[in-house]
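Chain by chain, the residues run as shown.
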Amino acid sequence: MILPVILLAFFQQAAPPQVLVWPHGVSPLGINHKDVFDNHLLEVSHRDHSGNVEVHLTKVDVMVIQYGTARLLYGGEAVGLHPTAENELQGTTINGGTMIRVNPGDVIHIPAGVPHQFILDPGETITYLVVKVVEPAK
């Protein structure tokens, strides 16, 4: 008789899994909102100029380009790196990287530790969904 009471108490206290819907790829709380979960986060990024080089030491980036276009420079050796947060570095450029043009619908996977940077020509903009998956520190 005790086991059913314990099971009932457990199921009454357990929170239901969170289902999240972002209609048309943007959080209902606005484009600047991000949702953080135990091992990942969701955010939408918008750029109207080139960004800094980024190196995430413990996060994998999965990006889906929604609007616009840009060049993505990745790999190689990051120059001018400095810490911006725990396990996060930014720099000025990448030497010896690979450059590709990305367009709406493209899906990009950048492993932890890989330098990357969006480069936009004058007048270009790009908006993309980012899923950052946290890996244990190496």
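Everything here concerns the structure above.
Residues numbered from 1 in each chain as written. Predicted model: local features only at pLDDT ≥ 70, side-chain atom pairs only at ≥ 80, totals over all residues. Heavy atoms only, no water.

Peer 1: Any chance you could explain the pairing of strand β3 (residues 53-56) here in plain terms?
Peer 2: Along β3, one buried face is formed by Val53 and Val55 and the opposite face, lined by Glu54 and His56, is buried too. In terms of strand pairing, β3 meets strand β8 (residues 88-91) through four bridges, oriented antiparallel. Each bridged residue has a counterpart across the sheet, and for Glu54 the counterpart in β8 is Gln90. (Buried < 20%, exposed > 50% of the residue type's maximum accessible area, 1.4 Å probe, protein only. Helix = DSSP H or I, 4+ residues; strand = E, 2+ residues; numbered from the N terminus. Pairing = 2+ DSSP bridges.)

Peer 1: Which parts of the structure should I look at to understand the nonpolar core?
Peer 2: In a soluble, globular protein the nonpolar side chains are often hidden away together inside. Core analysis: the largest hydrophobic core is formed by twelve residues, namely Met63, Ile65, Ala70, Leu72, Val102, Ile108, Ile110, Phe118, Leu120, Ile126, Tyr128 and Val130. Those elements that place two or more of their residues in this core are β4 (59-68), β5 (70-74), β11 (107-110) and β13 (126-134). Broken down by element, the residue count for this core peaks at three residues, all from β13. When residues no more than four places from it in sequence are discounted, the contact partners of Leu72 are Thr98, Met99, Ile100, Val102, Ile108, His116, Gln117 and Phe118. In this structure, Val53, Val55, Leu73 and Ile119 belong to the second largest nonpolar core, which totals six residues. (Core = buried A, V, L, I, M, F, W, Y, C linked by side-chain atoms within 4.5 Å. Contact = heavy atoms within 4.5 Å.)

Peer 1: How should I be thinking about the packing of aromatic side chains in this particular structure?
Peer 2: Evaluated as defined, the whole model comprises one aromatic pair. Between the aromatic rings of Phe118 and Tyr128, the centroid separation amounts to 4.8 Å while the plane-to-plane angle is 45°, which identifies the pairing as tilted. One end of the pair, Phe118, is in strand β12 (residues 116-119); the other, Tyr128, is in strand β13, with ten residues separating them in the sequence. One exposure class covers both Phe118 and Tyr128, and it is buried. (Phe/Tyr/Trp six-rings, centres within 6.5 Å; stacked < 30°, edge-to-face > 60°.)

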